[in-house]
Amino acid sequence: MHRRRMLTSIATATGAAWMTRFAEQLSRAAEGAAQTRPKSLMMIWLQGGASQLETFDPHPGTKYGGETRGITTSIPNVQIADTLPATAEQLHHATLLRSIVSQEGDHERATYHLKTGWRPDPTLVHPAIGSVVCYQSANNLEIPRHISIVPGEWPARGGYLGPSFDAFQIGDVAAPIPNLTPRVSEESLTQRLDVLLGTLEDEFQRGRLANLNRQRTLHQTATENAVRMMSSDQLTAFDVQQESASTVDKFGDNAFGRGCLAGIRLLSAGVRCVEVELGGWDTHINNHELQSSKARVLDAALAATLSELHARDMLNDTIVFCGGEFGRTPQINPAGGRDHWPHGFSAVLAGGNFRRGYVHGATAANPESDIINRKGNATVDPQKITENIVPVPDLHATLLRALGIDHEFEMQTPVGRPLRWSDGQVVTDLLQS
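What counts as what
- Note that residues are indexed from 1 along each chain, following the sequence as it is written.
- Owing to the predicted nature of the model, reporting of local features is limited to residues with pLDDT of at least 70; listing and counting of side-chain atom pairs is limited to 80 or more, with chain, interface and lining totals taken over all residues.
- The basis for the side-chain values is all heavy atoms of the structure; hydrogens and waters are excluded.
- By convention in these notes, a salt bridge is any Lys or Arg side-chain nitrogen within 4 Å of a carboxyl oxygen on Asp or Glu.
- Helix and strand definitions follow DSSP, with helices as H or I runs of at least four residues and strands as E runs of at least two, each counted in order from the N terminus.
- The buried label goes to any residue with under 20% of its type's maximum accessible area, the exposed label to any with over 50%, and the partly exposed label to all in between, with areas taken from a 1.4 Å probe on protein chains only.
- Under this definition, polar contacts are N or O atom pairs within 3.5 Å; protein pairs additionally need one hydrogen-donor-capable and one acceptor-capable atom, and for neighbouring residues in sequence, both atoms have to be side-chain atoms.
- Any two residues having at least one pair of non-hydrogen atoms within 4.5 Å are treated as being in contact.
- In summary, the pairing rule links any two rings of Phe, Tyr or Trp, Trp by its six-membered ring, whose centres are within 6.5 Å, and it sorts them by plane angle into stacked for under 30 degrees, edge-to-face for over 60 and tilted for everything else.
- Note on geometry: a ring has a charge over it if NZ (lysine) or CZ (arginine) is within 6 Å of the ring centre and within 35 degrees of the ring normal.
- Strands pair, by our definition, only if DSSP identifies at least two bridges between them.

Visitor: Help me understand the pattern of salt bridges, please; the structure alone is not making it clear to me.
Guide: Oppositely charged side chains can form a pair if their charged atoms are brought close together. Counted according to the given criterion, the structure contains 15 salt bridges. Glu243 is the partner of Arg265 in a salt bridge, and the nearest nitrogen-oxygen pair spans 2.8 Å. Of this pair, Arg265 sits in helix α10 (residues 255–269) while Glu243 sits in the loop between α8 (219–230) and α9 (245–251), and the two are 22 residues apart along the sequence. Taken as a pair, Arg265 and Glu243 share a single burial class, namely buried. A salt bridge links Glu308 to Lys250; the nearest nitrogen and oxygen atoms lie 2.6 Å apart.

Visitor: When you look at the side chain of Glu54 in this model, what are you seeing that I'm missing?
Guide: Looking at the element boundaries, Glu54 is found in the loop between β1 (40–46) and β2 (70–72). The exposure class of Glu54 is buried, given its relative accessible area of 1%. A polar side-chain atom of Glu54 sits 3.2 Å from a polar atom in the side chain of Arg338. Discounting chain neighbours no more than four positions away, the residues touching Glu54 are Gly65, Thr68, Ala81, Thr83, Asn287, His288, Gln291 and Arg338.

Visitor: Please clarify how the packing of aromatic side chains should be interpreted in this entry.
Guide: Two descriptors summarise a pair of aromatic rings, namely the distance from one centre to the other and the angle between the planes of the rings. Scanning the model with the defined rule gives four aromatic pairs in all. Arranged with centres 5.6 Å apart and planes meeting at 50°, the rings of Phe409 and Trp421 form a pair that is tilted. Remark: Trp421 occurs in the segment after β17 (418–420) and Phe409 occurs in the loop between α13 (392–402) and β16 (410–412); sequence separation between them is 12 residues. Each member of the pair, Phe409 as well as Trp421, carries the same accessibility label: buried. A cation sits over an aromatic face here: Arg355 above Tyr358, 3.7 Å from the ring centre.

Visitor: Teacher, can you tell me more about the pairing of β1 here?
Guide: Each regular strand carries side chains that alternate between the two faces of the sheet. Buried residues dominate β1, accounting for seven of its seven residues. Both faces of β1 are covered, namely the face carrying Ser40, Met42, Ile44 and Leu46 and the face carrying Leu41, Met43 and Trp45. Pairing analysis gives six bridges linking β1 to strand β8 (residues 318–323), with the strands arranged parallel. Looking at β8, one finds that Met43 is bridged to Phe321. As paired strands, β1 and strand β7 (residues 273–278) are joined by six bridges and run parallel to one another. Paired with Leu46 across the strands is Leu278, a residue of β7.

Shown next as C-alpha cells:
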C-alpha cells in the first residue's frame, strides 16, 4: 500500500483527525526527501474558449473549417492551424490532445472543471491542481510557490485546502511587484511589526477559534510571508530583464509573453506552479479575425516556452498544460462567430513523462449537421464526433500522475468528508511507458 495512504487509513480508522493530518505531513516529508527533483507545473491558460479549429485541430477545406489553413509541424504528417507557425516547429516536444470532453458549457463552471478536475459542487470548493501540487510538497521558498500571472476573473484557488494555497496574483511582470519597498525606515518598520504581530494579533485572537489564523484569517501568516518576501533574493526570478534581449523578444513584447518567461524563471527558482493567462478567446462574433489575433500572441510565447524549457534542461521536471475551459462550435453562426463547444477540443501537454511528438484523439472533419446543430449541449453525443475521448477528470488524473502525485490519494476535507484528489482514470496512452 502507498505509504501515505497507509498512514492516513490508520488515522482515519481510529477516528483521530489530528493524526490524519500528522500522517499526511509525515508521508509528504518522506516523499519530498526521496524525490530530489520534484515536478512543477506551468499552466498556460487560454480563458474564453480557444477555437480548436483555429489553433490545434484545423479542418481546412471542409464545410466547417472556416478560413484557417493547415501547416506542417515537426511531428510527421501532422498539421495545426497556420495561425501558429512557431509552435508548429516545436510540437515534437509535446503531446497534442485533440479529444477533451467536458460536461460544462458555461465559462465559470467550465473553468472550475478544468482547473480542479471536478464539476462545481455547492457543498464543497475543490482545490485547483496547482494548489494540490503545493500541498504535496514542502514550503521551502521565501516567495510564493503558487503564482498566477495576469490572472482573469477566476484565478486558481486553494479550495478546501485553505486560502494559504490560493495562487499569488500579479499583473504584467514589466512593472515592479507592489508594496515590497518599505515606506518607513527599517527601525520604524521593525517597531510597527513588533506591535502588529506581538500585541495586536494576540489580542485579536484572544478568546476566538484556536486555529483562527491558519484556518480563517491568515493575518499573521500573510504578514510574516510578506515581510520575508520583501527582503528575499528570490524576487529576482520575477525580473525578465535579467535575460538577454533576444530571449525576451522570442516570447513577444506583451504581458502574456513576459509572463511565460517569468514563469520559467520562477519554476527554476523552485516555485511549484505558475499559471499565465491569455484571455479574449470568447469569439461569438468575427471568430477568424479575433482568434487569429490571439493566436499570434500565443504562438510566440508557447513556442518559446517549449524551446527554452528544453534548452535549459527543465522539460523533464516541468509539466506544461496549454488549453482553456472548452473549444468552439464547428458551425459558424450568423455573426461570423463560433459558440461554446465542450464536446471535443484541444490542449498541448508537454514535459515529464508525457509522450513527445504524439497526437491523441481526433474530431470529425465533416460531422453530420443534425448532431452539431443541436442547441442543447446535453443532447450532443461526443462519441459520434470525437475519437479516443479524454474526459476532464481523466485529464486531471493523468496530469497528477505526470506530476508524481497519486491521484487516488484520499484525504479528509474540513467537514470530515473523505475525497480523492481525482475520480478520473489515468490515460496511459498519453504517457511514456
